[in-house]
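Fold and geometry: a report
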Amino acid sequence: MDGQSILDTVMTLFLLLIFAYISQEFQIWKMVNEIEVYLTMYKTARDRAVAVTTNTFKKLLPKSNSSKRIELEKIRNIEERIRELVDFTVIDPVDLDPYGIVRKIKHIIRVTERTVENEIKSLLPSVSRNEIKNLIDLVDATRVLNFIYKFLDHNYRIARKFKSLWLLMQIYALLPFVTQEVRALENAIEAFNKGLPVGDSIGPLVASKLIMKYDGLKNMDVPVEDTIVTRVTIEGREVYIVKAQGPGGTTGRLDDAIEWLFENIGKKFSMIITVDAASKFEGEKSGTIIQGFGVAIGGVGVERFNIEEIASRYNVPLYAILIKMSEIEALSILTKELYESADKAVSVIERVIKERSNANDKIILIGVGNTIGVAP
Amino acid sequence: MSIDERILEIKKKWIPVYFILLMALIVLVLHFILMAYFTKKQDYVNFALITLAAAGYIGYNLSKFLNTTISTYTIVKLVRCTNCNYSYEDTNVQKEDYILKEVGECPKCKGKTLIAGIYRIEKKSKPSLLELFGLKKKTNK
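Moving on: the overall build of chain B. Secondary structure assignment for chain B yields three helices and four strands. When the helices and strands of chain B are listed from N to C terminus, the series reads α-α-β-β-β-β-α. Burial statistics for chain B: of 141 residues in total, 13% are counted as buried. Within chain B, residue pairs in contact and separated by at least 24 positions form 59% of the contacts whose partners lie at least 6 positions apart.

This next bit is on the interface of chain B and chain A. Reports often express the size of an interface as the amount of accessible area lost when the parts come together. On the side of chain A, 25 residues touch chain B, which itself brings 16 residues to the contact. Those elements that provide at least two residues to the side of chain B that touches chain A are helix 1 (3-39) and strand 4 (112-125) of chain B. A per-element tally of the side of chain B that touches chain A places strand 4 of chain B first, with six residues. The residue makeup of the side of chain B that touches chain A, split by class, is nine nonpolar, two polar and five charged.

Further remarks concern the environment of glutamate 225 of chain A. Residue and element names in this part refer to chain A. Topologically, glutamate 225 is positioned in the loop between strand 1 (221-224) and strand 2 (227-234). Judged by C-beta crowding, with 14 C-beta atoms within 10 Å, glutamate 225 ranks as partly exposed. Residues glutamate 225 and glutamate 340, spaced 115 residues apart in sequence, show a C-alpha to C-alpha distance of 30 Å.

Quick look at the nonpolar core now. Residue and element names in this part refer to chain A. In this structure, Ile364 and Leu365 are the most contacted members of the largest nonpolar core, which totals 94 residues. The dominant element in this core, judged by the number of residues it contributes, is helix 4 (residues 129-161), at 10 residues. Leucine 365 has contacts with Ala207, Leu210, Val239, Ile241, Ile273 and Ile349, leaving out every residue within four places of it along the chain.

What follows is about the pairing of strand 2 of chain A. All names here are of chain A. For strand 1 and strand 2, the ladder comprises two bridges, and the chain directions are antiparallel. Residue pairing for strand 2: valine 224 is matched across the bridge by threonine 227. Taking the residues that link successive antiparallel strands as the turn, the strand 1-strand 2 hairpin has two residues, and the phi of aspartate 226 there is positive, at about 60 degrees. In terms of strand pairing, strand 2 meets strand 3 (residues 237-244) through eight bridges, oriented antiparallel. Bridge assignment links isoleucine 234 to a residue of strand 3, and that residue is arginine 237.

The next point concerns the confidence of the model for chain A. Segments scoring low in pLDDT should not have their predicted coordinates read at a detailed level. In this model, chain A carries a mean pLDDT of 91, and residues with pLDDT of at least 70 account for 99%. The secondary structure element of chain A with the lowest average pLDDT is helix 2 (residues 68-87) of chain A, at 86, and the one with the highest is strand 6 (residues 318-325) of chain A, at 96.

The rules we used
- Within every chain, residues take consecutive numbers counted from 1 along the sequence as written.
- To read the labels, note that chains go from A and ligands from 1, taken in the order they are written.
- Whole-chain, interface and lining totals are the exception, using all residues; otherwise, since this is a predicted model, local features are given only for residues with pLDDT of at least 70 and side-chain atom pairs are given and counted only at 80 or more.
- Helix and strand assignments come from DSSP, with helices taken as H or I runs of at least 4 residues and strands as E runs of at least 2, each series counted from the N terminus.
- Exposed residues have 12 or fewer other C-beta atoms within 10 Å of their own C-beta, buried residues have 20 or more, and partly exposed residues fall in between, where C-beta atoms are placed from the backbone.
- Residues are scored as being in contact if the C-beta atoms we place from backbone atoms lie within 7 Å.
- Here the term charged refers only to Asp, Glu, Lys and Arg, the term nonpolar to Ala, Val, Leu, Ile, Met, Phe, Trp, Tyr, Cys and Pro, and the term polar to all other amino acids, Gly among them.
- Linking buried Ala, Val, Leu, Ile, Met, Phe, Trp, Tyr and Cys residues through C-beta atoms within 7 Å yields a set, and such a set is a nonpolar core.
- For two strands to count as paired, DSSP must find a minimum of two bridges between them.
- Each residue carries a pLDDT value, the predictor's own confidence for that position, ranging from 0 to 100.

Listed below in structure tokens is the structure:
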């Protein structure tokens, strides 16, 4: 091998290395650019949500004859309190010893709910309970948008600081999913602001349709906070319908209501049916109804755990009716397609009751979800 | 402005760049074809093919930009009479409206009417070429 060919080989290897380096740098540059664009969009979405929330609060401020200075002071106070509400965090209980953790989570959730409600009530004392519930949902959606932006921004800054290609790639890979969530929350802001039913309200909507169809309004009771229980007769069976109390935006306290039913009505229920919205796969059609076994309740899992606990204690079969929709649809104003699927769900429930129980049986039906815009 | 509209805004900025690039590449392809025809050199055919592939790629991306659709929707309430079941859709949805709210009398039988449903009807719209090139502002119908 002569000197010239060695030099050629070295040069080729050097050029290859240069190209590999440039290619990686180009890839980083492209990813950084795209992540920055998306981060800007998430920030805009967050800022817009904060602005909508603040404006809604300002509009609901009681009119007074006080001076302009005091009015401005009040508005500043509102802005500051909303910033605090949007920034607050919930600390999960320690799970080193998981025994009794569900009780602890429930306690923390209840304290959070009560505190936020009281905070909003103290800011807007003259506003109705339903509107307070909608405002809580609005603040919640804004908080999630704020968290998403802050979390991604933090990770992006760390990745840039340490020039970590792998961290950037992870953020980049997450962008489609995060964008879907931000889209859903943006739509939720509009729905919560106007107090209109969202996709997730389909469970309470089905329950409401059954209550109206079988004239259940006259037997309605509110045994636990934010939750109604009513008795109707379907195909000769005694059906207890449980749902969050609308039309304010709340998911109710369904597990407490079920406990109340077992304590006050009796232990002999032939089945518990839950109706809820479920995430669809990309290829699936929105509004498709599927049946399942178990308790169809999303969220942290406290209510699901408690209902499963009661059902297994008294050996009650658990059936679920699920209405498929995308994450965006679940948080956006209800679509016509989904609204029409509620009627289909009602007939599926009637069939399930007829086929899986006998006359004079007692049945519990739970309409799961946020009951915003859906009475009773 | 929703996130979809913001994505469209960002995409819109690139449309003129892609369009100019596509035109330049087409001119270049024609030039190489003519050169190959008159000089009978194989090199020009190769150049023309490579440039054509690049033009195809740019054209494909441009067509994707131009086919971007934006979803718009109308919120509707379905009002139904509890007596005669007569129902109609109303686009005048108020902030205080909710399902099962009483909304007056039935125009047919004077019975009680309730809001039986509130939902949105979606419509996919494609921005016009003028809107995409930023020559005309979007009109809210």
